[in-house]
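Notes for the structure review
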Amino acid sequence: MKIGFDNDKYLKIQSEHIRERIAEFDGKLYMELGGKLFDDHHASRVLPGFKPDSKLRMLAQLRDQLEIVIVISADDIEKNKVRADLGITYDEDVLRLRDEFQKRNFLVTSVVITHYDGQRAADHYRHRLERMGIRSYIHYIIDGYPHNVELIASDQGFGRNEYVETTRPLVVVTAPGPGSGKMAVCLSQLYNEQKRGNRAGYAKFETFPVWNLPLKHPVNIAYEAATADLNDVNMIDPFHLEAYGKTAVNYNRDIEIFPVLNALFESIYGENPYKSPTDMGVNMVGFCISDDEVCCRASCDEIIRRFYTATNKLADGADNENEVHKIQMLFSQAKITTAYRRPTVAAYEKKLATGHTAAAIELADGTIITSKSSPLLGCSAALLLNAMKYLAGIDHDVKLIPQSMIEPIQKTKIEYLGGHNPRLHTDEVLVALSVVSQNDENCRRALVQLPQLRDCQVHSTVMLSEVDRKIFKKLGCGLTCDPVRKK
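A short tour of the structure in this document, coming up. (Residues numbered from 1 in each chain as written. Predicted model: local features only at pLDDT ≥ 70, side-chain atom pairs only at ≥ 80, totals over all residues. Heavy atoms only, no water.)

**Considerations on unusual backbone geometry**
Most peptide bonds adopt trans geometry, and most residues besides glycine take a negative phi value. Between Tyr145 and Pro146 the backbone carries a cis peptide bond, its omega angle lying at 10°. The step from Phe208 to Pro209 runs through a cis peptide bond, and the omega angle for that step is -5°. A positive phi angle, close to 65°, is found at Asn105, a residue other than glycine. Among the secondary structure elements, Asn105 is positioned in the loop between helix H5 (90-103) and strand S5 (108-116). One non-glycine residue, Lys335, adopts positive backbone phi at about 60°. Judged by its relative accessible area of 73%, Lys335 is exposed. (Helix = DSSP H or I, 4+ residues; strand = E, 2+ residues; numbered from the N terminus. Buried < 20%, exposed > 50% of the residue type's maximum accessible area, 1.4 Å probe, protein only.)

This is the structure in structure tokens:
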């Protein structure tokens, strides 16, 4: 994979910038942390070279100065809201996040339950936290939030919230997902710190959109594609342009809320230390792009991936037509079509040439490998075998797994397990290959090639099973599928 991002530079200048922001206030900064922290795979895809845990590594350089507060909405507890990428509820994810932070020797001091209005599920969750020895705080719903500034910045608004006890200069406020109330927790703390005679600061740490890249830069367009379900829109920050005469990119929600934040800051501090929503951010990622062309290409690939993800959801019955249409509009802004992605074109051509469902993978050296479905193997399983053989220098016509071994597996799937599809999935092929490898040098040579598939791009002309999708995810491949169900 070609590298377009200097990760070491990012770790250095990002942590330095946060230290500078802490010093601007009275040694106390509440930093709202948006986006994925442990596994920011979107950033690593559009900025090749960015490590999925880069933000965590950066915070590790500030470990002795920071503590972490995790926020969860009482409404999300009540509704059992689920993180789609992990398949667990937000309340369970709070505990997962806490454990992950503590494993890395970060101080996690408390959990704040926001949007509280007497929800019984939230009460039960708080009691659970108490039994686990985890300190928790309640922040209430405020009528008219965020526009009723007079009420919000009063003892009946933020002043009613429980003050979160913290001890370190940097307080990182994070959550399982969007809409949890991270910003409100930060602002509430500023109000209550001010009442206690402390001038604390606020900063927002979000990677995208990248404020110092052009509005229509592919990296920023890819962010819009990633948030198409939320209908986020990248915009020129008008407040930044007016204050400094310079163009900066932000997104609609931060720009729309800034007049309210400005009034809140003035109410709390007497003046707003920030002249624009962009000023509130501490994102230095745009200064660490080392090869813009590489990042542009990777971002265009990501836009296409997001399109296929949305169309697959639609084919599965989701009500997301607007999401699909939004990404189609972004295609024109990025001046691309699905044909921009090489494995997509190769898979289509293989399907047309053979009359069977097909798949293709683009390897690190640019080589395209294709496959088709057969009575024995699905196109994805065949693709893995073809790719491994190519990488190991094994002739394409060599059969790594004998038919005599595949047929009994098929019999078990159909006759004993009641399956309908006799073709082997990717996991079944890899297990069979592992068994045969004990006595076959070619199979051993093929298996050790699997790590070389990381970051390779794959396309299938049919929607793959959950098992196959998980295998490609574990291998680190960027997978897309046509919104066509298997027959």
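**Examining the side chain of Lys413**
Position of Lys413 among the secondary structure elements: in helix H17 (residues 403-416). You can call Lys413 buried: its relative accessible area is 11%. When neighbours within four sequence positions are excluded, Lys413 is seen to be in contact with Gly418, Gly419, Asn421, Pro422, Arg423, Leu424, His425 and Glu428. (Contact = heavy atoms within 4.5 Å.)

**Re the sheet that holds strand S2 (residues 66-73)**
Spatially, six strands are ordered S6-S5-S2-S7-S1-S8 in an open sheet, and the strand pairing comes out parallel. Pairing within the sheet leaves two strands with one partner each, and these edge strands are strand S6 (136-140) and strand S8 (201-205). Each strand axis lies, on average, 25° off the axis of its neighbour in the sheet, ignoring direction. In this structure, S2 lies alongside S5, joined through six bridges in parallel fashion. What sits directly across from Ser73, in S5, is Thr114. This element, H5, spans S2, S5 and strand S7 (170-174) of the sheet and lies at about 170° to S2. (Pairing = 2+ DSSP bridges. Axes fitted to C-alpha atoms, helices over the stretch in contact; angles between N-to-C directions.)

**What to know about the side chain of Asp301**
Take Asp301: it is sitting in helix H13 (residues 292-315). For Asp301, which is buried and forms no salt bridge, the nearest opposite charge comes from Arg341, at a distance of 4.4 Å. Residues in contact with Asp301, not counting those within four places in the same chain, are Tyr340 and Arg341. (Lys, Arg positive; Asp, Glu negative; His and termini not counted. Salt bridge = Lys/Arg side-chain N within 4 Å of Asp/Glu carboxyl O.)

**Quick word on the packing of aromatic side chains**
Each pair of aromatic rings is reported with the distance of its centres and the angle of its planes. Inspection of every chain in the model, using the stated rule, returns 16 aromatic pairs. Ring geometry for Tyr116 versus Tyr140: centroids 5.8 Å apart, planes at 70°, classification edge-to-face. Placement of Tyr116 in strand S5 and of Tyr140 in strand S6 is noted, with a sequence separation of 24 residues between them. On the basis of relative accessible area, Tyr116 is assigned to the buried category, the value being 15%. (Phe/Tyr/Trp six-rings, centres within 6.5 Å; stacked < 30°, edge-to-face > 60°.)

**A look at the layout of surface pockets**
It is the rolling of a water-molecule-sized probe over the atoms that shows where space remains empty. The volume enclosed by the second largest pocket comes to roughly 490 Å³. Lining the second largest pocket are 20 residues; nearest its centre among them are Ser374, Leu377, Asn386, Lys389 and Lys399. Mapped onto the lining of the second largest pocket, the elements with two or more residues apiece are strand S12 (368-372), helix H16 (379-392) and H17. Element by element, the count of residues in the lining of the second largest pocket is highest for H16, at four residues. Partitioning the lining of the second largest pocket into residue classes produces nine nonpolar, six polar and five charged. (1 Å grid on protein atoms, 1.4 Å probe; cavity = no way out; pocket = protein on both sides within 12 Å on 5 of 7 lines; lining within 4 Å. Points joined across faces, edges and corners; volume = space filled by probe spheres on them. Nonpolar A, V, L, I, M, F, W, Y, C, P; charged D, E, K, R; others polar.)

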